[in-house]
Amino acid sequence: MVRKLYSFMMVTLDGCYEGPNQQFDWPNVDAEFDEFAIAQLNDTDVLLFGRVTYEGMASYWPTQAAREDDPVVAELMNTLPKIVVSTTLTSADWANTRLVGANVAEEIAKLKQEPGKGLAIMGSSNLVVSLIGMGLVDELRVMVNPVVLGGGRSLFRSTEDRLPLELLQTRTFRSGNVLLTYRPA
């Protein structure tokens, strides 16, 4: 059985994953979202990040503030094995993190063949687009938040080709968030 590689990305209604000045203060997070996030992490064996997202996550989740704010998610984020894909980083110091700088397709394909739960790309839009191009992403989970920023960075800004998708599932949250789950067609 091949493990599924999925991406999870939070976006605004206008398709941005961050504001014009890299703001990420808009996600609509509540108890229902936290339950979803914990369930998703419990079904995941390995987290994958690109460099920029990794640096943001590694600067937050190991902190005391993260452990006080969201203890269950912080514990999962800090203990799950992590891979950061980067050709510029020389080290990855966050607990349980391995750096992959070359042979990315081979490394990910090998991980997918191992027994276990899902592999998750958190954020990391450039990595998602790159791995889709390699035929390695099985599922795209896009959480649309009920906010319009009017500017920012588009989720698929680095996509050069059309990417047809098949809708697998939708889930509406009381907060107004909507989870759209697709697979590359």
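Preceding block: the structure.
Residues numbered from 1 in each chain as written. Predicted model: local features only at pLDDT ≥ 70, side-chain atom pairs only at ≥ 80, totals over all residues. Heavy atoms only, no water.

## A few points about the sheet that holds strand 10 (residues 178-184)
Here's step 1: Strand order across the open sheet formed by 8 strands is 5-4-3-6-1-7-10-9, with mixed pairing between neighbours. At either margin of the open sheet sits one strand with a lone partner, and together these are strand 5 (97-100) and strand 9 (165-172). Ignoring strand direction, the axes of neighbouring strands in this sheet form an average angle of 25°.
Here's step 2: Relative to strand 1 (residues 5-12), helix 1 (residues 31-42) is tilted by about 160°, and along the sheet it contacts strand 1, strand 3 (44-50), strand 6 (118-122), strand 7 (139-145), strand 9 and strand 10. (Pairing = 2+ DSSP bridges. Helix = DSSP H or I, 4+ residues; strand = E, 2+ residues; numbered from the N terminus. Axes fitted to C-alpha atoms, helices over the stretch in contact; angles between N-to-C directions. Contact = heavy atoms within 4.5 Å.)

## Remarks on the pattern of salt bridges
Here's step 1: In the structure shown here, the tally under the stated rule is 11 salt bridges.
Here's step 2: Notably, a salt bridge pairs Arg3 with Asp45, separated by 3.0 Å at the nearest N-O pair. Placement of the pair is Arg3 in the segment before strand 1 and Asp45 in strand 3, with a sequence separation of 42 residues.
Here's step 3: The class for Asp45 is partly exposed, based on a relative accessible area of 22%.
Here's step 4: Because the salt bridges share partners, they merge into one network encompassing Arg3, Asp45 and Glu114. (Salt bridge = Lys/Arg side-chain N within 4 Å of Asp/Glu carboxyl O. Buried < 20%, exposed > 50% of the residue type's maximum accessible area, 1.4 Å probe, protein only.)

## Describing the side chain of Glu18
Here's step 1: Looking at the element boundaries, Glu18 is found in strand 2 (residues 16-18).
Here's step 2: Residue class for Glu18 comes out buried when judged on its relative accessible area of 12%.
Here's step 3: When near neighbours in sequence (up to four residues on either side) are disregarded, Glu18 contacts Gln23, Trp26, Leu149, Gly151, Gly152 and Arg153.

## Thoughts on unusual backbone geometry
Here's step 1: Even without glycine at this site, Gln22 takes up a positive phi of about 65°.
Here's step 2: Looking at the secondary structure, you find Gln22 in the loop between strand 2 and helix 1.
Here's step 3: Even without glycine at this site, Ser124 takes up a positive phi of about 55°.
Here's step 4: Position of Ser124 among the secondary structure elements: in the loop between strand 6 and helix 6 (125-133).
Here's step 5: Residue class for Ser124 comes out buried when judged on its relative accessible area of 8%.

## Comments concerning the environment of Leu163
Here's step 1: Tracing the backbone shows Leu163 in the loop between strand 8 (153-154) and strand 9.
Here's step 2: Residue classification places Leu163 among the partly exposed residues on the basis of a relative accessible area of 28%.
Here's step 3: The sequence separation of Leu163 and Val128 amounts to 35 residues, and the corresponding C-alpha distance is 12 Å.

## Points about the packing of helix 1 against helix 4 (residues 71-79)
The relative placement of two packed helices comes down to the angle between their axes together with the axis-to-axis distance.
Here's step 1: It is the contact of helix 1 with helix 4, at a shortest axis distance of 10 Å, that shows an interaxial angle of 25°. The angle between helix 1 and helix 4 places the two elements in the roughly parallel class. With respect to the hand of their crossing, helix 1 and helix 4 are arranged in left-handed fashion. The segment helix 1 lies against helix 4, with Ile38, Leu41 and Asn42 engaging Val72, Val73, Leu76 and Met77.
Here's step 2: A per-class count over the contact of helix 1 with helix 4 returns 6 nonpolar, 1 polar and no charged. (Parallel < 35°, antiparallel > 145°, perpendicular 65-115°, else oblique. Left-handed = near helix turned anticlockwise from the far one by under 90°. Nonpolar A, V, L, I, M, F, W, Y, C, P; charged D, E, K, R; others polar.)

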